[in-house]
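# Topology and contacts: notes
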Amino acid sequence: MSDAETGMKTGAEIGVIGGSGFYSFLDDVTEVTVDTPYGPPSDSLFLGQVAGRRVAFLPRHGRGHHLAPHRINYRANLWALRSVGVRQVLGPCAVGGLRPEYGPGTLLVPDQLVDRTKSRDQSYFDGEPLPDGSVPNIVHVAFADPYCPTGRRAALAAARGRDWEPVDGGTLVVIEGPRFSTRAESRWHAAQGWSVVGMTGHPEAVLARELGLCYTSLTLVTDLDAGTESGDGVSHAEVLKVFGANVGRLREVLFDAVAALPGSAFRDCACGSALEGWDLGIELP
Ligand SMILES: [Zn+2]
């Protein structure tokens, strides 16, 4: 059986990095364990069918949410998705709003990213040998526009189709966590003109780019960040409550976006050619 045939039966073409709220009710979900040269991903991949498309769901924090944002093995997660055939990734995540008008329940599809993380492996091409003895070369990918334009269009159209007017564009600043921002940090983020703040959107986006994958971030505002609101700051309970109240419609938007994405062989964006011209030194899965 060719790889393509195997991929059709056991693999997926689209990846969704998000918790069980997105896949638990699908019929016929197959759990697949994948290992990678970087260690195991956050959890098994859960493969299912959405609108006739094969989708791999990966709980970002592991089932039961046991992985803090800075402890997630992002390299393993993206590598595992690519290894089952995924070429386009949708990454929903909870964020804080940095402007008063971006209150809880706002859906923002960012077009820019600022990395304020501190301790995360954010490249496959760091010159460190892999377990099989191969050594990746140093590669500098273009990242001026971190998100896939096609994926963004699909996400925005899907939201509008569900009467959930999204914010089209804006800057997601990703902090190290797991703590929330201080008021000073939050005010500084807002003063830069950044839109929302989260803890997981990076290095997911750049690792996807390094593997030639399309990546689209869908951010759900669960709270106004500490510098924006006048109360006691963000609480985890508040985040969970708002996320839980919106997970159903976010799932609908995700699934509509999945249906609208082009087939892997028909991608019209530049994401798949990010590595063109580079001698990688390693084989991608
Ligand atoms: Zn793309």
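Residues numbered from 1 in each chain as written. Predicted model: local features only at pLDDT ≥ 70, side-chain atom pairs only at ≥ 80, totals over all residues.

### Notes on the packing of helix H3 (residues 149-161) against helix H6 (residues 236-260)
The contact between H3 and H6 brings their axes to 8 Å, and the two run at 130°. In terms of orientation, H3 lies oblique with respect to H6. Judged by the twist between their axes, the crossing of H3 over H6 is right-handed. Two secondary-structure elements touch here, H3 through Ala-154, Ala-155, Ala-157, Ala-158, Ala-159 and Gly-161 and H6 through Val-253, Asp-256, Ala-257 and Ala-260. The residue makeup of the contact of H3 with H6, split by class, is eight nonpolar, one polar and one charged. (Axes fitted to C-alpha atoms, helices over the stretch in contact; angles between N-to-C directions. Helix = DSSP H or I, 4+ residues; strand = E, 2+ residues; numbered from the N terminus. Parallel < 35°, antiparallel > 145°, perpendicular 65-115°, else oblique. Left-handed = near helix turned anticlockwise from the far one by under 90°. Contact = placed C-beta atoms within 7 Å. Nonpolar A, V, L, I, M, F, W, Y, C, P; charged D, E, K, R; others polar.)

### Description of the UniProt feature "site: Important for substrate specificity" (unreviewed entry) in the protein
The UniProt entry lists Ser-181 and His-236 under the feature "site: Important for substrate specificity" (unreviewed entry), expressed in the numbering used here. Across 56 residues, the annotated set stays spatially compact, with a maximum C-alpha separation of 12.5 Å. Turning to its location among the elements, Ser-181 is positioned in the loop between strand S9 (171-175) and helix H4 (183-191). Each residue touching Ser-181, except ones within four places of it in the same chain, is listed here: Ile-175, Ser-186, His-189, Val-197, Asp-225 and Ala-226. With respect to the helices and strands, His-236 occurs in helix H6. (UniProt positions renumbered as here; feature names shortened; annotations may be inferred.)

### Concerning the UniProt feature "binding site: substrate" (unreviewed entry) in the protein
What UniProt calls "binding site: substrate" (unreviewed entry) maps, in this numbering, to Met-199, Asp-223, Leu-224 and Asp-225. With respect to the helices, strands and loops of the structure, Met-199 is situated in the loop between strand S10 (196-198) and helix H5 (201-210). Under the C-beta neighbour-count criterion, Met-199 is labelled buried, with 22 such atoms within 10 Å. The residues contacting Met-199, other than those within four sequence positions of it, are Pro-69, Val-174, Ile-175, Gly-177 and Pro-178. Following the sequence through the fold, Leu-224 ends up in strand S11 (residues 214-224). (Buried ≥ 20, exposed ≤ 12 C-beta atoms within 10 Å, placed from the backbone.)

### Quick look at the environment of Ala-158
Within the secondary structure, Ala-158 is located in helix H3. Judged by the 25 C-beta atoms lying within 10 Å of it, Ala-158 is buried. Linking Ala-158 and Asp-256, residues 98 residues apart in sequence, is a C-alpha distance of 5.4 Å.

### Concerning the nonpolar core
Considering soluble globular proteins, one finds that nonpolar side chains tend to be buried as a cluster. Counting 72 residues, the largest nonpolar core has Ala-56, Val-89, Ala-155, Leu-213, Leu-254 and Ala-257 as the members making the most contacts within it. If you tally residues by element for this core, the top one is H6, at seven residues. Dropping the residues within four chain positions of it, Ala-155 is found in contact with Val-109, Thr-216, Leu-218, Val-253 and Ala-257. (Core = buried A, V, L, I, M, F, W, Y, C linked by C-beta atoms within 7 Å.)

### Thoughts on the environment of Pro-100
Relative to the helices and strands, Pro-100 is located in the loop between strand S5 (88-97) and strand S6 (107-109). Looking at Pro-100, the number of C-beta atoms within 10 Å reads 10, which means it is exposed. In sequence terms Pro-100 and Leu-45 are 55 residues apart; their C-alpha atoms lie 37 Å from each other. Sequence-distant contacts of Pro-100, that is, excluding residues within four places in its chain, are made with Leu-224 and Thr-228.

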